[in-house]
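This is what each chain is made of:
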Amino acid sequence: MKNIVFTTIMLLSTTAIASDFTGPYVTGAVGYVYGFNNGKEKFASNGQDSASQKMNLTDFNWATSAGYNWEVSDGVLLGGEATFDWMTASDTANQKLNQLYSQQWVVYSDVVYTTSVRAKVGKKVFDDQGLLYVSAGPTIAKVKYGFLDLTGPQSEEKSTTHKGVVGAVGLKYKVYDNLSLFSEVSWTKFARESIDAQVWGKIQYQSLSLGGAKIGLSYDF
């Protein structure tokens with residue numbers, strides 16, 4: 001009996017979770033996103049500087065991704081993935097005119113979602129039970145804008161797509177043969193976009209940047 005118990009304990013202690021991170025995978029995660037959406041106006045008629053504003057964006061978000069990894073050498077992986085994040089990161093700001101905040105012109109922005117396609121490189125760590133990785137690639141964000149002139153009052157809503165580049169650092173750790181827990185931090189910088197705010201008769205130039213952190217589960221097929 002003692003031999004059976006001893007043998008069972010030894011088998012359990014030496015049993016390792018499979019550390020293969022290659023092949024297709026899908027993820028689901030929750031996180032927190034923060035960022036800035038700063039704008040500057042120019043009169044549409046003569047191009048002169050008019051006003052500016054700054055918006056601070058924060059929200060919890062839901063995220064999913066799908067990708068594929070190849071092991072190119074001992075413990076080194078290359079891969080690619082597509083991501084999609086839902087959010088309502090929004091803020092409202094008064095336009096700033098000659099160092100004073102206007103009570104007439106108000107702008108609103110709401111980041112609805114972001115999506116990206118990324119290349120990834122990773123290295124197995126923690127006795128091959130973990131995967132430390134970095135990823136980067138092009139991304140787009142769907143953003144809704146609202147422009148309000150309180151003297152009218154008149155309002156206008158616009159929707160545009162911001163294009164940018166995202167970079168991320170993350171860690172996956174095997175908790176079961178096909179299941180990993182992962183965490184990731186990212187930063188995204190978008191190109192400046194021009195928006196025709198017709199209710200103001202001006203062109204609005206918006207510069208968007210977003211950062212975030214998430215934690216979730218990854219399933220390897």
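Up top you'll find the structure we're talking about.
Computed from a prediction, not measured in an experiment: that's the story for all the values here.

A.B. asks: What exactly am I supposed to notice about the packing of aromatic side chains here?
C.D. replies: The geometry of an aromatic ring pair is captured by two quantities: the separation of the ring centres and the angle between the planes. For the coordinates displayed, the defined rule picks out eight aromatic pairs. A centroid spacing of 6.1 Å and a plane angle of 40° characterise the contact between Tyr34 and Trp187, whose relative ring orientation is tilted. With a gap of 153 residues between them, Tyr34 in strand 1 (residues 23-43) and Trp187 in strand 7 (residues 179-190) connect regions that are remote in the sequence. Site record: aromatic cluster; members linked through ring pairs are Phe84, Trp86 and Tyr113.

A.B. asks: Can you walk me through the pattern of salt bridges in this structure?
C.D. replies: Oppositely charged side chains are able to pair whenever their charged atoms sit close together. Inspection of the entire model under this criterion finds seven salt bridges. In this structure, the salt-bridge partner of Glu71 is Lys124, at a minimum N-O distance of 3.6 Å. Of this pair, Glu71 sits in strand 2 (residues 49-73) while Lys124 sits in strand 4 (residues 100-125), and the two are 53 residues apart along the sequence. Its relative accessible area of 11% is what places Lys124 among the buried residues. Salt bridges here are not isolated pairs; linked through shared partners, they connect Lys172, Lys174 and Asp220.

A.B. asks: Honestly, the nonpolar core in this entry has me stumped. Any pointers?
C.D. replies: Side chains of nonpolar character tend, in soluble globular proteins, to be buried together. The biggest cluster of nonpolar side chains holds 20 residues, and the ones touching the most others in it are Leu57, Val111, Phe147, Trp200, Leu208 and Leu210. Contributing elements (two or more residues each) for this core: strand 2, strand 3 (76-97), strand 4, strand 5 (130-149), strand 8 (193-197) and strand 9 (202-220). Per-element accounting of this core gives the leading share, four residues, to strand 5. If we ignore the near neighbours within four places in the chain, the residues touching Leu210 are Val33, Tyr34, Gly35, Leu57, Val111, Thr114, Ser186, Trp187, Thr188 and Phe190.

Conventions we followed
- Residues numbered from 1 in each chain as written.
- Predicted model: local features only at pLDDT ≥ 70, side-chain atom pairs only at ≥ 80, totals over all residues.
- Heavy atoms only, no water.
- Phe/Tyr/Trp six-rings, centres within 6.5 Å; stacked < 30°, edge-to-face > 60°.
- Helix = DSSP H or I, 4+ residues; strand = E, 2+ residues; numbered from the N terminus.
- Salt bridge = Lys/Arg side-chain N within 4 Å of Asp/Glu carboxyl O.
- Buried < 20%, exposed > 50% of the residue type's maximum accessible area, 1.4 Å probe, protein only.
- Core = buried A, V, L, I, M, F, W, Y, C linked by side-chain atoms within 4.5 Å.
- Contact = heavy atoms within 4.5 Å.

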